[in-house]
Amino acid sequence: MPTPFTGWPEHAMDVLWQLQGEPTHATRERCRTDREHLVRRPMIALLNAIADTDPRYEDFSVWHYRTDSWWWQNQSAAIRRGRKIEINLRLSLDGLHIQGAWWYPDPGQIDTFRTAVAHDTSGPELATLIDDLHHQGYNISGDTLQRPPRGYPAHHPRAHLLRHRSLIAARHLDYGPWLHTPQALDRVLAAITDLDPFLTWLVHHIKRTT
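Visitor: Lay out the environment of Ile 87 with the relevant residues and their values.
Guide: The topology assignment puts Ile 87 in strand E3 (residues 85-92). By relative accessible area, which is 1% here, Ile 87 ends up buried. Setting aside anything within four residues of it in sequence, one finds Ile 87 in contact with Tyr 57, Ala 77, Ala 78, Ile 79, Arg 81, Ile 98, Gln 99, Ile 192 and Leu 199.

Visitor: Hey, could you go over the packing of aromatic side chains for me, with residue numbers and the actual values?
Guide: Using the criterion set out here, one finds six aromatic pairs in the structure. Relative to Trp 8, the ring of Phe 5 lies with its centre 5.6 Å away and its plane at 80°, an arrangement referred to as edge-to-face. Pair check on accessibility: Phe 5 and Trp 8 agree, each one buried. Aromatic pair Phe 113 and Trp 201: ring centres 6.2 Å apart, planes at 85°, arrangement edge-to-face. With a gap of 88 residues between them, Phe 113 in helix H4 (residues 109-118) and Trp 201 in helix H7 (residues 183-205) connect regions that are remote in the sequence.

Visitor: Any details on H4? Residues and values, ideally.
Guide: Turning to H4, its buried residues number three or more, namely Gln 109, Phe 113, Arg 114, Ala 116 and Val 117. Taken down its axis, H4 places every buried residue within 160° of arc, on the same side.

Conventions adopted
Residues numbered from 1 in each chain as written. Predicted model: local features only at pLDDT ≥ 70, side-chain atom pairs only at ≥ 80, totals over all residues. Heavy atoms only, no water. Helix = DSSP H or I, 4+ residues; strand = E, 2+ residues; numbered from the N terminus. Buried < 20%, exposed > 50% of the residue type's maximum accessible area, 1.4 Å probe, protein only. Contact = heavy atoms within 4.5 Å. Phe/Tyr/Trp six-rings, centres within 6.5 Å; stacked < 30°, edge-to-face > 60°. Arc of directions from axis to C-beta.

Here it is in structure tokens:
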């Protein structure tokens, strides 16, 4: 039976604070058990709770620690919606961060993305979804070309989207007392609801190509 999600214990932030800078091996080992119980396991509980709300969110991973200190200072997780299409969560001393991302694309995915962007129906749909997310406080980013790709006119109405080779909508959910309560689940689910139309568009139009 999965552990119910009740929020991150307040001491979780104390553990992350001890791991700031370039923590020594001794510091990491001293914090390892507390970090596992207070930081990583609540993230697993959160993703299990999210998966319980919708089977589309059942394919998830919660990262372990690596050599780089960043992985000790940030607890990351990913929910896979499609090939190279994810919801990413990250807990740090700054609080909780969420993003919907299509990135590190397979060969051929960029071409299918551009075809959908250029289409007279699917292209305006994506542009509207991106505008909506921007107005909701999401930062839109990604790997982009300096100009529209070959075969597309510079004055194309969606030239700014055609330049993308990845596309990310991200938002900082901040940090507050809610993070230590079950209300954190509600905040994450609200953000996932924001991102869902965008991610659904990506899943529908960017097919697996390998």
